[in-house]
Amino acid sequence: MKYHLPIISIFIIAIALAAYIFDTMSSTLIYDRDAILDGEYWRVLSGYFVHFSGLHLSFNVIAFGVTGWIIEERGYPGYSLLIFMMAFTIGVSLMVLKPDMKLYGGLSGIAHGSLVYLALFGLKESYFWNRMSWLILVFVPIKIGTEIVIGSSLAYSTETFVPIALSHLIGVVVALTQFYILQTIERQQIDELN
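All of the points below concern the structure found in this document. (Residues numbered from 1 in each chain as written. Predicted model: local features only at pLDDT ≥ 70, side-chain atom pairs only at ≥ 80, totals over all residues. Heavy atoms only, no water.)

1. What to know about the overall build of the protein
Thinking step 1. If you tally the helices and strands in the protein, you get nine helices and two strands.
Thinking step 2. Reading the protein from its N terminus to its C terminus gives the helix and strand order α-α-β-α-α-α-α-β-α-α-α.
Thinking step 3. Its C-alpha radius of gyration of 17 Å places the protein within 12% of the 16 Å reference for a compact globule of 194 residues.
Thinking step 4. When its C-alpha atoms are laid out on the principal axes, the protein stretches across 55 × 35 × 30 Å.
Thinking step 5. Per-residue burial for the protein yields a buried fraction of 46% across its 194 residues. (Helix = DSSP H or I, 4+ residues; strand = E, 2+ residues; numbered from the N terminus. Rg over C-alpha atoms; globule rule 2.2 N^0.38 Å. Buried < 20%, exposed > 50% of the residue type's maximum accessible area, 1.4 Å probe, protein only.)

Written as structure tokens, this is what we have:
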């Protein structure tokens with residue numbers, strides 16, 4: 001298998017680190033409902049670069065970085081489109097479904113969707129990756145479902161920071177949808193060749 005440098009993942013992590021270090025960058029990128037309604041529409045897409053603590057940043061960068069690196073290294077198709085679609089869909093969904101939420105940030109929704117996307121492709125891989133993929137596809141829905149029921153993250157939350165399980169769910173739904181569409185296109189192409 002040919003090695004692919006994880007350029008997309010490195011780029012996103014670099015921006016997330018810069019946004020954490022530079023307050024002006026963070027305040028320009030954060031999902032801010034009032035600013036979006038005032039015409040700063042890029043915030044729908046850029047909020048996931050912003051993190052609220054070192055622990056929040058660490059969890060998200062590690063989860064997203066490892067998952068993204070594997071996806072890019074294995075050359076699974078459509079990853080940049082997936083990230084864009086997850087960011088857009090999460091941002092718009094939060095605008096519609098969470099009108100009381102003023103601020104949002106973090107890569108966790110995109111990390112969850114990326115993990116499921118990786119696992120879906122992993123089902124076609126060797127024994128080890130196949131088994132790991134099944135575990136992921138069982139664990140992630142249980143985790144998200146539990147977070148929705150208890151209203152808190154299984155990983156962590158604080159008084160000033162509460163993870164939004166809805167963003168995790170939306171990221172996963174977008175990943176499932178894109179994977180299904182890609183598989184449908186691939187099957188149609190194979191049928192046309194036969």
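2. Looking at the packing of aromatic side chains
Thinking step 1. The full count for this structure, using the stated rule, is seven aromatic pairs.
Thinking step 2. Where Tyr76 meets Phe121, the ring centres are 4.7 Å apart and the plane angle is 10 degrees; that geometry is what we call stacked. Here Tyr76 is found in the loop between helix 5 (54-74) and helix 6 (79-97), whereas its partner Phe121 is found in helix 7 (residues 108-122), with 45 residues between them in sequence. Of the two residues, Tyr76 and Phe121, both sit in the buried class.
Thinking step 3. Taken together, the ring pairs in this structure connect Tyr76, Tyr117, Phe121 and Phe179 into an aromatic cluster. (Phe/Tyr/Trp six-rings, centres within 6.5 Å; stacked < 30°, edge-to-face > 60°.)

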